[in-house]
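As a plain string of letters, each chain reads:
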Amino acid sequence: MKADGTIVARQLHKSFGSHEVLRGIDLSVAAGEISCIIGPSGSGKSTLLRCVNGLETVDRGVLRVNGEDFGYVETDNAYHAVRPQRLAEQRSHIGMVFQQFNLFPNMTAEDNVISGPVLVKKVNRKVAREQAQKLLAQVGLAGCGHKYPAQLSGGQQQRVAIARALAMEPSIMLFDEPTSALDPELVGEVLAVMRDLAHHGMTMLVVTHEMGFARDVADEILFMDGGVAIERGDAREVLANPREKRTQEFLERVL
Amino acid sequence: MSTKTIGSPTSRPVPELLPEQKKRITPKRPRDYVSWAVAVAIVGGLVTTTVTNENYQWPVVFSYFTAQSILDGLVLTLVLTVASMVLGTLLGLVLAVMRMSHQAPISGLARLYITFFRGTPVLVQLIFWFNIAALYPNVSLGIPFTDISTPVDVNALMTPLTAAIVGLTLNQAAYMAEIIRGGFASVNRGQYEAADSLGMSGFTRLRHVIIPQTMPAIIPATGNQVIGMLKETSLVSVLGVAELLNSAQSIYARTYQTIPLLIVASLWYLIMTMALSVPQSMIERRFSRSTRRPAPVAVATKESLL
Ligand SMILES: Nc1ncnc2c1ncn2[C@@H]1O[C@H](COP(=O)(O)OP(=O)(O)OP(=O)(O)O)[C@@H](O)[C@H]1O
Ligand SMILES: [Mg+2]
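Let me begin by describing the structure that accompanies this report. Keep in mind it's a predicted model, so treat the numbers as computed, not measured. (Residues numbered from 1 in each chain as written. Chains lettered and ligands numbered in written order. Predicted model: local features only at pLDDT ≥ 70, side-chain atom pairs only at ≥ 80, totals over all residues. Heavy atoms only, no water.)

### Description of the overall build of chain A
Next up, step 1: For chain A, the count of helices and strands is nine helices and twelve strands.
Next up, step 2: Judged by the C-alpha coordinates and their principal axes, chain A covers about 50 × 45 × 35 Å.
Next up, step 3: Across the 255 residues in chain A, those meeting the buried criterion constitute 57%.
Next up, step 4: For chain A, long-range pairs separated by at least 24 residues make up 65% of all intrachain contacts whose partners lie at least 6 apart in sequence.
Next up, step 5: Total accessible area on chain A is roughly 10,800 Å²; 48% of this is exposed by carbon and sulfur atoms.
Next up, step 6: Each charge class in chain A can be summarised by its mean position, and for the 28 positive and 32 negative side chains these summaries are 5 Å apart. (Helix = DSSP H or I, 4+ residues; strand = E, 2+ residues; numbered from the N terminus. Buried < 20%, exposed > 50% of the residue type's maximum accessible area, 1.4 Å probe, protein only. Contact = heavy atoms within 4.5 Å. Areas by Shrake-Rupley, 256 points an atom, 1.4 Å probe, with all protein chains shown as cover. Lys, Arg positive; Asp, Glu negative; His and termini not counted. Charge placed at Lys NZ, Arg CZ, Asp CG, Glu CD.)

This is the structure in structure tokens:
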């Protein structure tokens with residue numbers, strides 16, 4: 001079965017040069033589940049998330065996304081990297097939202113949203129525009145389609161970025177600190193869109209420092225430190241009664 | 001005491017102005033007038049001397065201004081500019097791609113080329129290409145591993161005109177490579193990642209996301225290069241290519257009217273660079289606007305972006 005909206009990682013390892021950033025991470029996100037990754041700066045949260053859609057390559061370990069090996073095919077004694085076209089195809093089922101939005105500044109909001117469907121899926125432009133207008137309305141930006149990213153606030157840009165990712169009709173959405181670059185009063189509008197998405201059954205893997213969001217929305221929390229998953233479990237349980245000392249210390253600092 | 005109290009019986013009745021509504025006035029300072037006086041004096045002096053000094057020989061200037069050989073030279077100058085710019089940009093693009101390659105030998109080759117051609121004077125390069133036959137008198141063009149080949153007499157091939165175009169092109173390519181590379185360097189890594197995360201192919205990413213964003217850096221800089229190249233072509237006069245400067249020189253070699261003919265050439269260069277600077281500043285304004293707050297709606301509604 002294709003694009004079933006699951007993520008499974010076992011013993012993921014990743015190094016940058018001699019610096020081992022992921023040191024045997026396990027992760028499991030079921031279809032429709034919301035999983036939040038928390039942890040101190042430099043603990044490897046972004047790296048883990050970026051491995052899941054191939055922005056970073058994995059050195060060792062098992063990574064299955066949407067029910068199939070991601071970026072590699074397994075043979076008897078090795079994993080072999082797939083061709084770029086195949087990787088792009090696998091990526092097109094995974095939406096990613098970046099901390100710095102990364103909207104295309106040379107395109108209007110609506111052109112940003114249709115860029116995936118039109119350029120990748122070769123969807124008819126008129127059909128894509130209609131879908132884009134619906135998506136922009138869904139993220140509270142009806143009528144803003146003609147504006148360029150530079151004319152939008154940070155919160156609006158991030159919501160366009162979410163709409164752009166959703167336009168590919170992904171089965172999984174990845175969020176890397178989507179509200180960290182925003183002024184405090186704009187955080188709420190982005191989180192509201194994410195909550196809405198969660199209620200509609202999207203599989204979400206979210207790196208965040210918004211503990212309130214994690215408590216309200218997440219099914220599972222993964223606390224990382226030093227490239228290791230220190231604690232993993234039911235979101236409310238971990239936040240209320242962390243078992244590990246390092247988790248306790250981290251939560252005391254951020255809450 | 002000169003201060004007046006508001007509402008005192010002696011004050012003249014003035015229209016009631018609230019402090020918030022009062023204009024703020026900065027007095028003109030002496031230097032504001034002095035700078036004008038200096039500028040007027042300099043320009044006035046220059047105009048007077050150019051008009052009154054007979055040695056400028058303005059009638060000669062006017063008589064040669066549209067002489068056939070001058071106009072022919074003008075055309076050749078434009079041809080050289082366009083040819084070297086077009087070829088130089090194409091080669092520059094290749095060099096820029098090589099320079100950005102992750103393969104160390106490839107980027108190293110490009111770097112070597114760029115260092116060499118930017119590090120030596122164009123004039124020297126031009127003379128070098130003209131004399132290349134001294135190094136390689138005969139070159140044989142052939143298909144490797146076959147007997148098919150044709151010997152080429154380099155001396156006959158390297159006419160002044162070829163040497164001029166080769167020299168200007170190779171030099172220009174080094175500069176264009178750096179401009180193009182700078183354009184790509186100005187695009188944030190996140191743009192590549194965003195395109196990748198949507199599943200775009202390498203080509204789509206380049207064509208629709210990256211290249212459009214390199215243009216604000218590349219186009220204005222290229223415009224400057226065109227203007228620079230127009231003037232640089234005068235260097236090939238030393239090879240005996242009958243471009244604008246050389247045409248003027250040929251005339252004054254006969255008539256000894258050196259100054260008026262240099263004025264003729266200079267005026268033409270000035271006219272051409274001024275004509276080019278109009279579109280250039282339009283381009284610059286357009287791109288500096290679009291990087292900050294893009295978007296008069298006219299631009300926004302164009303669907304050419306995708
Ligand atoms: N491309 C890279 N090359 C070299 N080192 C890298 C690279 N990307 C990340 N790192 C290093 O890997 C470590 C983990 O980085 P990562 O971005 O995953 O941390 P993080 O948990 O997301 O931190 P933050 O909360 O600050 O975003 C850091 O020490 C970082 O310096
Ligand atoms: Mg991070």
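### Here we look at the sheet that holds strand 3 (residues 34–38) of chain A
Paired through their backbone hydrogen bonds, the strands of a sheet run either parallel or antiparallel.
Residue and element names in this part refer to chain A.
Next up, step 1: Overall, mixed pairing links the six strands, which are arranged 8-9-10-3-11-12 in an open sheet. Both outer strands of the open sheet, strand 8 (94–97) and strand 12 (228–234), are each paired with one neighbouring strand and no more. Direction aside, neighbouring strands of the sheet carry axes that sit 15° apart on average.
Next up, step 2: The sheet contact formed by strand 3 and strand 11 (residues 220–225) spans four bridges and is parallel. Following the sheet pairing, isoleucine 38 is matched in strand 11 by phenylalanine 223. (Pairing = 2+ DSSP bridges. Axes fitted to C-alpha atoms, helices over the stretch in contact; angles between N-to-C directions.)

### What to know about empty space enclosed by the protein
All names here are of chain A.
Next up, step 1: For the coordinates displayed, the defined rule picks out one cavity of 30 Å³ or more.
Next up, step 2: Its boundaries defined by the atoms lining it, the largest cavity holds a volume of some 40 Å³.
Next up, step 3: Together, Ala3, Val65, Asn66, Glu68, Phe70, Gln90 and His93 line the largest cavity.
Next up, step 4: Taken together, the residues of the lining of the largest cavity break down into three nonpolar, three polar and one charged. (1 Å grid on protein atoms, 1.4 Å probe; cavity = no way out; pocket = protein on both sides within 12 Å on 5 of 7 lines; lining within 4 Å. Points joined across faces, edges and corners; volume = space filled by probe spheres on them. Nonpolar A, V, L, I, M, F, W, Y, C, P; charged D, E, K, R; others polar.)

### Notes on the packing of aromatic side chains
Next up, step 1: Scanning all chains against the criterion turns up seven aromatic pairs over all chains.
Next up, step 2: The interplanar angle of 40° and the centroid separation of 5.1 Å between the aromatic rings of phenylalanine 223 of chain A and phenylalanine 250 of chain A together place this pair among those described as tilted. Of this pair, phenylalanine 223 of chain A sits in strand 11 while phenylalanine 250 of chain A is found in helix 9 (residues 245–254), placing the two residues 27 residues apart along the sequence. Comparing phenylalanine 223 of chain A with phenylalanine 250 of chain A, the two get one shared label, buried.
Next up, step 3: Seen from their ring centres, phenylalanine 116 of chain B and phenylalanine 117 of chain B are 5.6 Å apart, and the 75° between their planes marks the pair as edge-to-face.
Next up, step 4: Residue classification places phenylalanine 116 of chain B among the exposed residues on the basis of a relative accessible area of 52%.
Next up, step 5: By relative accessible area, which is 9% here, phenylalanine 117 of chain B ends up buried.
Next up, step 6: In textbook terms, an aromatic cluster arises when at least three aromatic residues are bridged by ring pairs, as seen for Tyr56, Trp58 and Phe62 of chain B.
Next up, step 7: Arginine 164 of chain A extends its terminal NZ or CZ atom over the ring of phenylalanine 104 of chain A, reaching a point 4.4 Å from the ring centre. (Phe/Tyr/Trp six-rings, centres within 6.5 Å; stacked < 30°, edge-to-face > 60°. Lys NZ or Arg CZ within 6 Å of the ring centre and 35° of its normal.)

### What to know about the site of ligand 1
Residues and elements named next belong to chain A.
Next up, step 1: If you check the shell around ligand 1, you find Phe16, His19, Val21, Pro40, Ser41, Gly42, Ser43, Gly44, Lys45, Ser46, Thr47 and Glu177 and nothing else.
Next up, step 2: Contacts to ligand 1 include serine 46, whose side-chain N or O atom sits 2.6 Å from an oxygen atom.
Next up, step 3: Starting from 640 Å² of accessible surface for ligand 1 in isolation, the protein chains cover 60%.
Next up, step 4: Listing elements by their share of the shell around ligand 1, those giving two or more residues are strand 2 (19–29) and helix 1 (45–52).
Next up, step 5: Sort the elements by how many residues they give to the shell around ligand 1 and helix 1 lands first, with three residues.
Next up, step 6: Classifying every residue of the shell around ligand 1 by side-chain character gives three nonpolar, seven polar and two charged. (Near = heavy atom within 4 Å. Polar contact = N/O pair within 3.5 Å; in protein donor to acceptor, adjacent residues only side chain to side chain.)

### Concerning the environment of methionine 173 of chain A
Next up, step 1: Tracing the sequence through the fold places methionine 173 of chain A in strand 9 (residues 172–176).
Next up, step 2: When the C-alpha positions of methionine 173 of chain A and isoleucine 34 of chain A are compared, they lie 9.6 Å apart, and in sequence the two are 139 residues distant.

### Observations regarding the packing of helix 3 (residues 68–99) of chain B against helix 7 (residues 160–185) of chain B
Residues and elements named next belong to chain B.
Next up, step 1: Between helix 3 and helix 7, the shortest axis-to-axis distance is 6 Å and the interhelical angle comes to 45°. With respect to helix 7, the axis of helix 3 lies oblique. By crossing handedness, the relation of helix 3 to helix 7 is classed as right-handed.
Next up, step 2: Split into classes, the residues belonging to the contact of helix 3 with helix 7 amount to 19 nonpolar, six polar and three charged. (Parallel < 35°, antiparallel > 145°, perpendicular 65-115°, else oblique. Left-handed = near helix turned anticlockwise from the far one by under 90°.)

### Some points on the packing of helix 4 (residues 104–119) of chain B against helix 7 of chain B
Residues and elements named next belong to chain B.
Next up, step 1: At a minimum axis separation of 9 Å, helix 4 and helix 7 run at an interaxial angle of 120°. Considering their axes alone, helix 4 and helix 7 lie oblique with respect to each other. Remark: the crossing between helix 4 and helix 7 carries left-handed chirality. Here helix 4 contributes Tyr113, Ile114, Phe117 and Arg118 to the contact with helix 7, which in turn contributes Leu170, Asn171, Ala173, Ala174, Tyr175, Ala177 and Glu178.
Next up, step 2: Split by residue class, the contact of helix 4 with helix 7 holds eight nonpolar, one polar and two charged.

### Re the interface of chain B and chain A
Next up, step 1: Taken together, the 24 residues of chain B in the interface contact 30 residues of chain A.
Next up, step 2: Each partner contributes to the roughly 2,500 Å² buried at the junction of chain B and chain A, and carbon and sulfur atoms together form 62% of this total.
Next up, step 3: Note that arginine 50 of chain A is salt-bridged to glutamate 193 of chain B, the shortest N-O span being 2.7 Å.
Next up, step 4: Elements with a contribution of two residues or more to the side of chain B that touches chain A: helix 8 (189–197), helix 9 (202–232) and helix 12 (297–301) of chain B.
Next up, step 5: The dominant element in the side of chain B that touches chain A, judged by the number of residues it contributes, is helix 8 of chain B, at seven residues.
Next up, step 6: Considered class by class, the residues forming the side of chain B that touches chain A number twelve nonpolar, seven polar and five charged. (Buried area = accessible area lost by both parts, 1.4 Å probe. Salt bridge = Lys/Arg side-chain N within 4 Å of Asp/Glu carboxyl O.)

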